[in-house]
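# Overview (structure and organization)
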Amino acid sequence: VSRALLGDGTGVIIGMVDSGIDKLHPAFAGNDSQGNPRLVAEHNYVPVSLPNEPAGNTGDDRNGHGTFIAGPALSSHPTYLGMAPDARYVNSRVLDYNASYSGDAIIRSGIGFAINQGADVVNLALNFNATNNPIPNGSSPLDLMIDWAARGMGESCVICAGNISQATD
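Scope of this entry: the structure provided in the associated data block. (Residues numbered from 1 in each chain as written. Predicted model: local features only at pLDDT ≥ 70, side-chain atom pairs only at ≥ 80, totals over all residues. Heavy atoms only, no water.)

## Brief notes about the pattern of salt bridges
Operational definition: A carboxyl oxygen of Asp or Glu within 4 Å of a side-chain nitrogen of Lys or Arg is what we treat as a salt bridge. What counts as a helix is a DSSP run of H or I of at least four residues, what counts as a strand is a run of E of at least two, and both are numbered from the N terminus.
Using the criterion set out here, one finds four salt bridges in the structure. With a closest N to O distance of 2.9 Å, Arg-93 and Glu-53 form a salt bridge. Taken as a pair, Arg-93 in strand β3 (residues 88-93) and Glu-53 in the loop between β2 (39-44) and α2 (65-74) lie far apart in primary sequence, 40 residues in all. Among the ionic pairs, Asp-104 bridges to Arg-108, the shortest N-O distance being 2.5 Å. On the criterion of helical spacing, the pair formed by Asp-104 and Arg-108 is a turn pair, its members being four residues apart in helix α3 (residues 104-116). Look at the salt bridges and you will find they share partners, linking Lys-23, Glu-42 and Asp-60 into a network.

Written as structure tokens, this is what we have:
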């Protein structure tokens, strides 16, 4: 029923801001139904100076989280079909080998990259602990960036909850 109402993602670009995507995985590789490459663009914002980060990584998923998260949205696998199997995607790698990040500037850069590459939807599934947010009232730079993307640019922003397994003090 939902595919009949929502379509298959043709003409939509989803910005995946995560640990990267395995672009060679058959569920994400190839072209859409209009002959366009599914991968629109990719960029790695993780510093290569970190341990286990190879130089020249353009967005390959070194952790597996981003590829896993992309599945329900983008998978074109006939058995494990995603919500938008014909959508194209932007791969903004912001999470390192351990699926963590050093600060929200890297995430803001990934969001901006996705938008600049034409993303209609920005997906964030990050382990951002709001209790450690230095500005917990919704006015942190990351909060303001998401507000700008949604209100100022008309982006649909998908912010996943439940990535934090245990609350911290």
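Next comes the rest of the description.
## What to know about the sheet that holds strand β4 (residues 121-124)
Note the following rule: We call two strands paired when DSSP finds no fewer than two bridges between them. Working convention: axes come from line fits to C-alpha atoms, limited for helices to the stretch in contact. Angles between N-to-C directions cover 0 to 180 degrees.
Strand order in this open sheet of five strands is β2-β3-β1-β4-β5, and the pairing throughout is parallel. On the outer flanks of this sheet lie β2 and β5 (156-159), each paired with one strand and no other. Each adjacent strand pair in this sheet contributes to an overall mean axis angle of 15 degrees, direction not counted. One ladder, built from five bridges, connects β2 with β3; its direction is parallel. The residue bridging Asn-44 from the neighbouring strand is Arg-93, located in β3.

## Some details on the nonpolar core
A general feature of soluble globular proteins is that nonpolar side chains tend to end up buried together. The test is simple: Residues belong to one nonpolar core when they are buried, are Ala, Val, Leu, Ile, Met, Phe, Trp, Tyr or Cys, and are joined through side-chain atoms within 4.5 Å. Relative accessible area decides the class of each residue, using a 1.4 Å probe on protein chains only: under 20% of the type maximum gives buried, over 50% gives exposed, and in between gives partly exposed. Whether two residues are in contact is decided by their heavy atoms: any pair within 4.5 Å suffices.
Val-17, Val-94, Ile-107, Ile-111, Val-122, Leu-124 and Leu-126 are the most contacted members of the largest nonpolar core, which has 15 residues in total. Mapped onto this core, the elements with two or more residues apiece are α3, β4 and α4 (141-152). Beyond its immediate sequence surroundings of up to four residues, Val-94 is in contact with Val-17, Asp-18, Tyr-45, Val-46, Ser-100, Tyr-101, Ile-106, Ile-107, Gly-110 and Leu-126. Ile-14, Ile-21, Tyr-89 and Ala-125 belong to the second largest nonpolar core, which has 13 residues in total.

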